[in-house]
Amino acid sequence: MTTTLHAPLARYAARLHAGIGGRHHVASPLGAWLLLALAAPAATGGLRDELDDVLGMDATTAAGLAAALLDAPHPLVASATALWHRPGTDSAGLDGWRAGLPRTTATGPLPDQAGLDAWAREHTLGMIDRFPLAASPRVLVMLAGALATRISWADPFDLAPGAALGGAGPWARRLDRVLRAPQHGHRAWIAATAAGDVAVHAASAAPRDGAGLVVLSVAADPAVDPGDVLAAAHEVSGAALDGDGPPADRRSLFDLPLGAGPAWTLREEQVPVWSRDGREERHEAVLPCWSARDEHELTDPALGFGTAARALGGLLGAADPGVEARQAVLARYGRYGFEAAAVTGTAVLSSLPPDGVRRTAELRFDHPYAVVAVATDRRGGTGPWHGVPVFSAWVAEPEEPAADDLTDPPAPW
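This section reports on the structure supplied with the text.

So, how was this worked out
- Residues numbered from 1 in each chain as written.
- Predicted model: local features only at pLDDT ≥ 70, side-chain atom pairs only at ≥ 80, totals over all residues.
- Heavy atoms only, no water.
- Core = buried A, V, L, I, M, F, W, Y, C linked by side-chain atoms within 4.5 Å.
- Buried < 20%, exposed > 50% of the residue type's maximum accessible area, 1.4 Å probe, protein only.
- Helix = DSSP H or I, 4+ residues; strand = E, 2+ residues; numbered from the N terminus.
- Pairing = 2+ DSSP bridges.
- Patch = residues over 30% accessible without salt bridge, like charges linked within 9 Å, V, L, I, M, F, W, Y side chains within 5 Å.
- Areas by Shrake-Rupley, 256 points an atom, 1.4 Å probe, with all protein chains shown as cover.
- Salt bridge = Lys/Arg side-chain N within 4 Å of Asp/Glu carboxyl O.
- Axes fitted to C-alpha atoms, helices over the stretch in contact; angles between N-to-C directions.
- Parallel < 35°, antiparallel > 145°, perpendicular 65-115°, else oblique.
- Left-handed = near helix turned anticlockwise from the far one by under 90°.
- Contact = heavy atoms within 4.5 Å.
- Nonpolar A, V, L, I, M, F, W, Y, C, P; charged D, E, K, R; others polar.

A closer look at the nonpolar core
- In terms of nonpolar packing, the biggest core is built from 43 residues, with Tyr-12, Trp-33, Leu-36, Leu-55, Trp-97, Leu-298 and Phe-305 touching the most fellow members.
- For this core, the elements supplying multiple residues, two or more each, are α1 (6-20), α2 (29-39), α3 (45-55), α4 (59-71), β3 (139-152) and α9 (305-315).
- A total of eight residues in this core trace back to one element, the largest contributor, which is α2.
- Ala-80, Leu-110, Met-142 and Ala-328 belong to the second-largest nonpolar core, a separate cluster that totals 22 residues.

Structural notes on the pairing of strand β6 (residues 187-193)
- Extensive coverage of β6 is indicated by the burial of five of its seven residues.
- Sheet topology note: the β6/strand β7 (residues 196-204) ladder contains seven bridges and is antiparallel. Note that in β7 the partner of Ala-188 across the bridge is His-201.

Structural notes on the sheet that holds strand β5 (residues 177-180)
- Overall, antiparallel pairing links the three strands, which are arranged β4-β5-β11 in an open sheet. Here the strands that pair on one side only, and so sit at the sheet edges, are β4 (158-161) and β11 (286-287).
- In the sheet, β4 pairs with β5 via four bridges, with the strands oriented antiparallel. The residue bridging Pro-161 from the neighbouring strand is Arg-177, located in β5.

Brief notes about a nonpolar patch on the surface
- Residues Trp-385, Val-388, Val-390 and Phe-391 make up a contiguous nonpolar surface patch of roughly 400 Å² in combined accessible area.
- With respect to the secondary-structure elements, Val-390 resides in strand β16 (residues 389-395).
- A residue is classified by how much of its surface remains accessible, and Val-390, at 39% relative accessible area, is partly exposed.

Some remarks on the packing of α2 against α9
- Close contact between α2 and α9 brings their axes to 10 Å; oriented N to C, the two are set at 30°. In terms of orientation, α2 lies roughly parallel with respect to α9. At the point where α2 passes α9, the crossing takes the left-handed sense. The residues of α9 that touch α2, namely those facing Ala-32, Leu-35, Leu-36 and Ala-39, are Phe-305, Ala-308 and Leu-312.

So, the pattern of salt bridges
- Counted by the stated rule, this structure contains 13 salt bridges.
- Glu-339 serves as the salt-bridge partner of Arg-150, at 2.7 Å between the closest nitrogen and oxygen. In this pair, Arg-150 is assigned in strand β3 and Glu-339 in strand β14 (residues 337-349), connecting sequence segments 189 residues apart.
- The partly exposed category is assigned to Arg-150, whose relative accessible area is 44%.
- Taken together, the shared-partner salt bridges in this structure form one network comprising Arg-11, Arg-15 and Asp-53.

Regarding the packing of α2 against α3
- At a minimum axis separation of 11 Å, α2 and α3 run at an interaxial angle of 150°. Looking at the two axes, α2 sits roughly antiparallel to α3. Every pair of crossing elements has a handedness; the one defined by α2 and α3 is left-handed. Between α2 and α3, the residues in contact are Trp-33, Leu-36 and Ala-37 and Leu-51, Val-54 and Leu-55, respectively.
- Partitioning the contact of α2 with α3 into residue classes produces six nonpolar, no polar and no charged.

Structure (structure tokens):
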């Protein structure tokens with residue numbers, strides 16, 4: 001199996017996007033893959049074989065690559081992982097596996113929902129404010145990961161009228177303004193792929209500490225299946241990192257027919273050129289702004305989280321654990337930059353308890369009743385105010401809610 005991530009991630013991305021379908025969406029295959037890679041060393045036997053297949057490499061190698069990414073974070077991509085357990089859960093069985101997690105992985109008791117949401121905000125630059133899983137009493141252990149980026153283009157786009165997209169597609173009539181790539185600083189070409197010839201545009205972030213980020217846009221013939229176009233985008237993505245030279249997969253414009261193509265229009269004109277053979281190629285690119293926000297269920301067996309849950313459940317003595325796995329993700333692409341964030345969570349759940357008897361009392365304050373307000377005081381131990389009744393009342397004349405009680409959000413007191 002390979003020890004580089006490009007091919008395994010492209011394969012996993014194909015599985016993830018296939019389950020989502022051709023609707024407008026954004027996802028982070030890497031965010032899901034990383035959690036599986038961290039969980040995989042807990043698996044043995046057939047479960048290990050299943051995870052090796054999903055990951056595209058053996059579990060030990062995958063865990064090592066995941067740790068290498070997380071323990072040496074990219075300057076432009078914030079990343080974090082956490083392992084939490086339900087308070088009171090015997091976690092001794094997890095100790096050996098947990099010791100092999102990346103050193104940056106936070107561990108501890110499962111936070112309440114407010115704590116989970118705060119973790120999501122903290123590790124996504126504030127872009128995702130709600131953790132995708134609930135702090136259910138059934139959670140035995142929960143594994144979480146976050147990825148986030150917010151970049152400015154090294155060279156911003158120019159603005160162009162929507163009509164610059166051309167007359168064939170529907171968007172030219174819907175949009176007033178679109179983005180035109182500058183002639184310098186962005187890269188564009190037509191590439192030969194398994195999905196046919198595709199239009200490619202690459203915009204880069206201003207680098208930081210020797211690291212950068214390239215956002216690739218790839219358009220094929222509208223008749224091509226979205227999954228095949230996504231696969232083509234992964235296929236050509238390596239070419240976007242090759243520097244200033246022509247990408248290896250680039251089609252010569254002189255090998256293509258003039259006129260309308262699957263995602264371009266090719267014209268020819270007589271102008272002064274400096275090349276020795278008298279032929280010059282030039283690429284222009286026009287794109288729309290876009291944004292997307294999604295939540296994805298990750299419990300499809302093809303995505304591996306059920307297998308990972310059984311492996312982790314085995315460490316806890318849970319023979320047939322339940323599983324929850326979900327990803328919250330968003331992205332925005334605009335004139336001046338790109339931002340995206342994903343929070344992925346998977347939880348191993350205890351089995352439901354056997355049926356029993358529950359009684360519930362619904363208390364109704366429908367006649368006069370008493371109220372007492374008591375102070376608490378923990379300053380330096382137990383302070384003098386602790387337990388002192390400060391106000392008391394007998395409620396015998398109820399009222400309708402005040403206008404402020406009906407505002408949403410409530411008006412400040």
